[in-house]
Amino acid sequence: MQRFRERSAPLEAIRNPAREAVRADLDRLIHERIRLGIVSALAVNRSLTFNELKALLKTSDGNLSVHARKLEEADYIVCTKSFDGRLPKTEYRLAAAGRRALERYLNHMEALIRATREG
Amino acid sequence: MATSGPLRSPQREPIPIDARAADHLRYIRETMESAAEFTAVPGWGGVAMGVTALVAAFAASRQTTPRAWLAVWLIEAFVAVAIAAPAAATKAHRANSALFSGPGRKFVLSFAPPIVVGGLLTFALYRAGILAALPGVWLLLYGTAIVTGGAFSVRVVPVMGLCLMLLGGAALFTPATWGDAFMAAGFGVVQIGFGWWIARHYGG
């Protein structure tokens, strides 16, 4: 069965070039739903706090924290920790690399739609 | 244990790649629209409107005729619009979103009806000679507009609307001579306070 799958993959690519294109250079880091949401939300705001992002994306503390850290490690977003009075405040901003990644991702999706519909 | 159905779930129809890509693009657009709600209301614009309202309240209280009093507040209304519109446009532009995109459009469409009603009631009450009711009516309807428009914004915006409505309700049942003081409190102090808060916490 496994051997059959391995053999059929190149055939599938020939039949479906759009699928092959998406595999080739799709940014897996922001392809994930929550991470895509974080980057999209920060693209239209100078900064958003952890709680704002959590409410916006309707996700849990842990989930948001894990995904935000991955984006931070890739230098897609910048995290700033401060105090608002006595309360700790975590703010996120989109870095230049993150904005470029989102633009690339948007272009990629649009190209994919064009390629599939034209082909 | 006996099972009546197949052990493996039936295979789902594969989703076409273009439909999946379109779904991702839709998700990005919807997230951006929801996120832009955080910046729909201009904080510093609110502060500026509050300051001009305080000046107007002082000027209106010194007028001797109802016509002149009304003229002062109508001028203030135009000044407030002249401040709010470019302030909102600048803030939306800075956040890379169009003023009349999703959240902006929803805000304007929800904000406008109480303001239009306010304009009509102003004309009707002026003709009937019941100017004493105007401060309460204006505060109530402006507050309603902020609450309805603010339903698509951060929570602090509808709270500001509620404060204005409370002041408007109080103004309706207090002596007419307190009208300017209530408007100074509502259009002035409340807008300055909440405007400053919005500006500090929601990007200007």
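Residues numbered from 1 in each chain as written. Chains lettered and ligands numbered in written order. Predicted model: local features only at pLDDT ≥ 70, side-chain atom pairs only at ≥ 80, totals over all residues.

> Quick rundown of the overall build of chain A? Include the residues and the values.
The helix and strand tally for chain A stands at 7 helices and 3 strands. By the burial criterion, 29% of the 119 residues in chain A qualify as buried. Partitioning the contacts of chain A with sequence separation of at least 6, the portion at a separation of at least 24 is 59%. (Helix = DSSP H or I, 4+ residues; strand = E, 2+ residues; numbered from the N terminus. Buried ≥ 20, exposed ≤ 12 C-beta atoms within 10 Å, placed from the backbone. Contact = placed C-beta atoms within 7 Å.)

> Go over the overall build of chain B, please, and point to the residues and values.
When its secondary structure is counted, chain B shows 7 helices and 0 strands. Mapped in sequence order, the helices and strands of chain B form the string α-α-α-α-α-α-α. In chain B, which comprises 204 residues, the proportion classed as buried is 38%. For chain B, long-range pairs separated by at least 24 residues make up 71% of all intrachain contacts whose partners lie at least 6 apart in sequence.

> Please give an account of the sheet that holds strand β3 (residues 87–94) of chain A that cites residues and values.
Across a sheet, strands are paired by hydrogen bonds formed along the backbone, either parallel or antiparallel in direction. If you trace the 3 strands from one edge of the open sheet to the other, you get β1-β3-β2 (chain A), paired in antiparallel fashion. Each having just a single partner strand, β1 (48–49) and β2 (77–84) of chain A make up the two edges of the open sheet. (Pairing = 2+ DSSP bridges.)

> Any details on the environment of L36 of chain A? Residues and values, ideally.
Relative to the assigned elements, L36 of chain A resides in helix α4 (residues 33–43). Along the backbone, L36 of chain A and L71 of chain A are 35 residues apart, and their C-alpha atoms lie at a distance of 9.8 Å. Setting aside residues up to four positions removed in sequence, L36 of chain A forms contacts with I30 and H31 of chain A together with Y27 and I28 of chain B.

> Describe the nonpolar core, with residues and values.
Counting 34 residues, the largest nonpolar core has L139 and L164 of chain B as the members making the most contacts within it. Those elements that place two or more of their residues in this core are α2 (43–61), α3 (66–94), α5 (134–150), α6 (156–172) and α7 (179–201) of chain B. Broken down by element, this core gets its largest block of residues, 9 residues, from α5 of chain B. Setting aside residues up to four positions removed in sequence, L164 of chain B forms contacts with L139, Y142, G143, I146, G186 and V190 of chain B. The next biggest cluster of nonpolar side chains, apart from the first, holds 29 residues, and it includes L53, L64 and A101 of chain A together with A35 of chain B. (Core = buried A, V, L, I, M, F, W, Y, C linked by C-beta atoms within 7 Å.)

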